[in-house]
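Structural overview
The residues making up each chain are set out below.
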Amino acid sequence: MESTASQIEEIIYSKIRQAGEKGIKQADVSKILGISSAEAARNVTRLIRKGLVRKEATIVDGKKVVMLYIANNDNIDIIANLGNIIDIPCFSCKLINKCQNGSHVSPQSCNKMNRWLIEAL
Amino acid sequence: MSSVEELLIKMAKEILGDDVIDVLSLLIKRREEMKDEDIANELNLKINDVRKVLYMLAEQGFVISRRTRDKDTGWYIYFWRANLEQINNIILNRKRAILEKLKLRLEFESSNTFYVCNNDYARYTFDEAFENQFKCPRCGSPLSYYDSEKVKERLRERIEKLEEEIANETKASSN
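Within any chain, residue numbers begin from 1 and follow the written order of that chain's sequence. Numbering of ligands from 1 and lettering of chains from A proceed in the order in which they are written. Only residues with pLDDT of at least 70 are given local features in this predicted model, and only at 80 or more are side-chain atom pairs given and counted; all residues enter the totals for whole chains, interfaces and linings. As a rule here, side-chain values cover all heavy atoms of the structure and leave hydrogens and water aside.

What follows deals with helix H2 (residues 21-30) of chain B. All names here are of chain B. Only protein chains enter the accessibility calculation, which uses a 1.4 Å probe. A residue is then buried if its area is under 20% of the maximum for its type, exposed if over 50%, and partly exposed in between. For helices the rule is a DSSP run of H or I covering at least 4 residues; for strands it is a run of E covering at least 2, with both sets numbered from the N terminus onward. Along H2, the residues that are buried comprise Ile21, Val23, Leu24, Leu26, Leu27 and Ile28. Looking at the buried side of H2, the elements it contacts are helix H1 (3-16), strand S1 (34-35), helix H3 (36-43), helix H4 (47-59), strand S2 (63-69) and strand S3 (76-82). Note on H2: the residue one or two positions beyond its end, arginine 31, has a positive phi of about 55 degrees. The contact criterion used is simple: two residues touch if any of their non-hydrogen atoms lie within 4.5 Å.

Take a look at the structure:
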């Protein structure tokens, strides 16, 4: 039976995970799975977009080799800060997605917002 | 635990409460995808409770799932993981949602005249006050005019700050 795209993605992901810190060559992925390099690249791109995998180009014996590794989250930069929103009651409100004009919960009638606005005056 | 992991847990705790922290912390600790039943076994919780928590976390973007079909049963299997790499977008989306609410509130404050009860501090729009003959519907005290200029000023300040922050942070995160 032919494998679906998500099954191929899953197998590629498990191969990369098995390789651990050493990583695995992208070229080897297509060889192991018996798929074309284009198909392997498409699946790898999808995994990268999902944040599961990262790729790194290195030079081995004078040749450029693309290595694949499991994504590590230690290097993420926190750009957005919470400083200016943490005291606004909407920040911790579970109903924020339901809060709108004419709805049962609305910014006009919200008691938490009333309190927040009046408290600072 | 890295600063990104701490921030994700802090946000989840603020927004969804303490009940979601065990599941989220486990997913962060494992650094890999987990099935809901594995999470339930690991934490000694009912699978339904784990699913409920996972859906709550997913609604806010703190976790994401991948779906595959079980070859034997034909049922879908969901693999869950912490959405750490999207932390900036999670915060930015929250900021955009808050900004929208503040703008709606400012619009409301700007397009209405308010009257307040000096006894219980309840606030009414002109229409509400008129309907009640400018008497508090709760205690019957006369309503007096309420100047909302300071409230509007506070809202304008926050909106301006938030708009600036969102623009800068969106630009920085797309670089």
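Having seen it, we continue.
Here we take up the confidence of the model for chain A. As a note on interpretation, predicted positions should not be read in detail where pLDDT is low. Confidence scores here are pLDDT values: one per residue, from the predictor, ranging 0 to 100. A residue-level look at chain A finds 90% of positions with pLDDT of 70 or above and a mean pLDDT of 83. Within chain A, the lowest mean pLDDT, 81, falls on helix H1 (residues 5-19) of chain A, and the highest, 89, falls on strand S1 (residues 24-25) of chain A.

Here we come to the sheet that holds strand S4 (residues 114-117) of chain B. Residues and elements named next belong to chain B. The strand order across the open sheet formed by three strands is S5-S4-S6, and the pairing between neighbours is antiparallel. Because the sheet does not close on itself, it has two edges, and the strands there are strand S5 (123-125) and strand S6 (143-146). Taking each pair of neighbouring strands and ignoring which way they run, the sheet shows an average axis angle of 40 degrees. Here four bridges tie S4 to S6, and the two strands are oriented antiparallel to one another. In this analysis, strands are considered paired if DSSP registers two or more bridges between them. All axes here are fitted lines through C-alpha atoms, helices being fitted over the stretch that makes contact, and every angle between N-to-C directions spans 0 to 180 degrees.

Residues and elements named next belong to chain B. Alternating residues of S4 divide into Phe114 and Val116 and Tyr115 and Cys117, and every residue in both groups is buried. For S4 and S5, the ladder comprises three bridges, and the chain directions are antiparallel. Paired with valine 116 across the strands is arginine 123, a residue of S5. As consecutive antiparallel partners, S4 and S5 are separated by five residues, and within that stretch tyrosine 121 has a phi angle of approximately 60 degrees, a positive value.

Of all residues in chain B, 98% attain a pLDDT of 70 or more, and the chain-wide mean is 90. Predicted complex, confidence summary: ipTM 0.79, pTM 0.72.

All right, on to the pattern of salt bridges then. Residues and elements named next belong to chain A. The term salt bridge refers to a pairing of a side-chain nitrogen on Lys or Arg with a carboxyl oxygen on Asp or Glu at a separation within 4 Å. According to the stated counting rule, one finds 19 salt bridges over all chains in the structure shown. The partner of lysine 31 in a salt bridge is aspartate 28, with the nearest N and O atoms 3.9 Å apart. A residue pair is termed a helical-turn pair when its members lie 3 or 4 positions apart in one helix, as lysine 31 and aspartate 28 do in helix H2 (residues 26-33) at three residues. Note on lysine 31: relative accessible area 63%, which makes it exposed.

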